[in-house]
Amino acid sequence: MNPVQPTGKPSVPEEFRARQRRQKILAFGLFVVMTPVLVAIKLRRLSISWVIPIVVLILGAMVYSLKNWRCPACQKVLGRSWNYQICPAGKETLENR
Ligand SMILES: [Zn+2]
């Protein structure tokens, strides 16, 4: 298989891998941010002024995730799993191994 497409457009599996990577970075970023936040809540030391930025951040991450975590070909939303052999519509191959 040729990784360089003459059209310059990434193939569906390539685009899926890119989206998968962005989704993992997002999840890791949220984990890094939310861990101290959860500790602060547990210790009852979370300042009230932090509540709105945190809610905005979580909502933003959810919106981004909903936009990103779709089949590159038919735009159907993917589920909770990281790995998909075929898309939810069952048409496109997302992972070529
Ligand atoms: Zn699809």
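Okay, so let's go over this structure.

Conventions and cut-offs
Here the residue index of a chain counts from 1 through its sequence in written order. Since the coordinates come from a predicted model, pLDDT governs what is reported: local features require at least 70, and pairs of side-chain atoms require 80 or more to be given and counted, while whole-chain, interface and lining totals use all residues. Numbering of helices and strands starts at the N terminus; helices are DSSP runs of H or I of at least 4 residues and strands are runs of E of at least 2. With the radius of gyration taken over C-alpha atoms, the globule rule is written as 2.2 Å times the number of residues to the power 0.38. Two residues qualify as a contact pair if the distance between their C-beta atoms, derived from the backbone, is within 7 Å. Multiplying 1.5 Å by the residue count of a helix minus one yields the expected span of that helix. Note on bend: the value at a residue is the angle between axes fitted to the seven residues ending there and to the seven starting there. For every residue, the other C-beta atoms within 10 Å of its own C-beta are counted; 20 or more classify it as buried, 12 or fewer as exposed, and values in between as partly exposed. C-beta atoms are placed from the backbone. Inter-axis angles, ranging from 0 to 180 degrees, are taken between N-to-C directions of lines fitted to C-alpha atoms, where helices are fitted over the stretch in contact. By definition in this entry, angles of less than 35 degrees are roughly parallel, angles greater than 145 are roughly antiparallel, angles of 65 to 115 are roughly perpendicular, and the rest are oblique. With the far helix as reference, a near helix turned anticlockwise by less than a right angle produces a left-handed crossing, and one turned clockwise produces a right-handed crossing. Charged residues are taken to be Asp, Glu, Lys and Arg, nonpolar residues to be Ala, Val, Leu, Ile, Met, Phe, Trp, Tyr, Cys and Pro, and polar residues to be all remaining types, Gly included.

A few points about the overall build of the protein chain
Helix and strand counts for the protein chain stand at two helices and zero strands. Whereas a compact globule of 97 residues would reach a radius of gyration of roughly 13 Å, the protein chain reaches 18 Å, over 25% beyond that. Principal-axis analysis of the C-alpha atoms gives the protein chain an extent of 55 × 25 × 20 Å. Taking contacts inside the protein chain between residues at least 6 apart in sequence as the whole, the part at least 24 apart equals 41%.

Concerning helix α1 (residues 12–42)
Helix length check: α1 (31 residues) gives 43 Å between terminal C-alpha atoms against 45 Å at 1.5 Å per residue, within 8%. Maximal helix bending in α1 amounts to about 30°, located at methionine 34; proline proline 36 follows within four positions. Of the residues flanking the end of α1, it is arginine 44, one or two places downstream, whose phi is positive at about 55°.

Topic: unusual backbone geometry
For arginine 44, which is not glycine, the phi torsion reads 55° and is therefore positive. Structurally, arginine 44 can be placed in the loop between α1 and α2 (51–68).

Description of the environment of methionine 34
On the secondary structure map, methionine 34 appears in helix α1. In this structure methionine 34 comes out as partly exposed when scored by C-beta crowding, with 15 C-beta atoms within 10 Å. Along the sequence, methionine 34 and glutamine 75 sit 41 residues apart, while their C-alpha atoms lie 29 Å from each other.

Notes on the packing of α1 against α2
One can describe the packing of α1 onto α2 by two numbers: an axis separation of 11 Å at closest approach and a directional angle of 165°. The pairing of α1 with α2 is recorded here as roughly antiparallel in orientation. The crossing of α1 and α2 is left-handed. On α2, the residues touching Arg19, Arg22, Gln23, Leu26, Leu30, Val33 and Val37 of α1 are Ile54, Leu57, Ala61, Tyr64, Ser65 and Asn68. A per-class count over the contact of α1 with α2 returns eight nonpolar, three polar and two charged.

Details of the environment of valine 33
Tracing the sequence through the fold places valine 33 in helix α1. Taking the C-alpha atoms as reference, valine 33 lies 20 Å from asparagine 68; in sequence the two are 35 residues apart.

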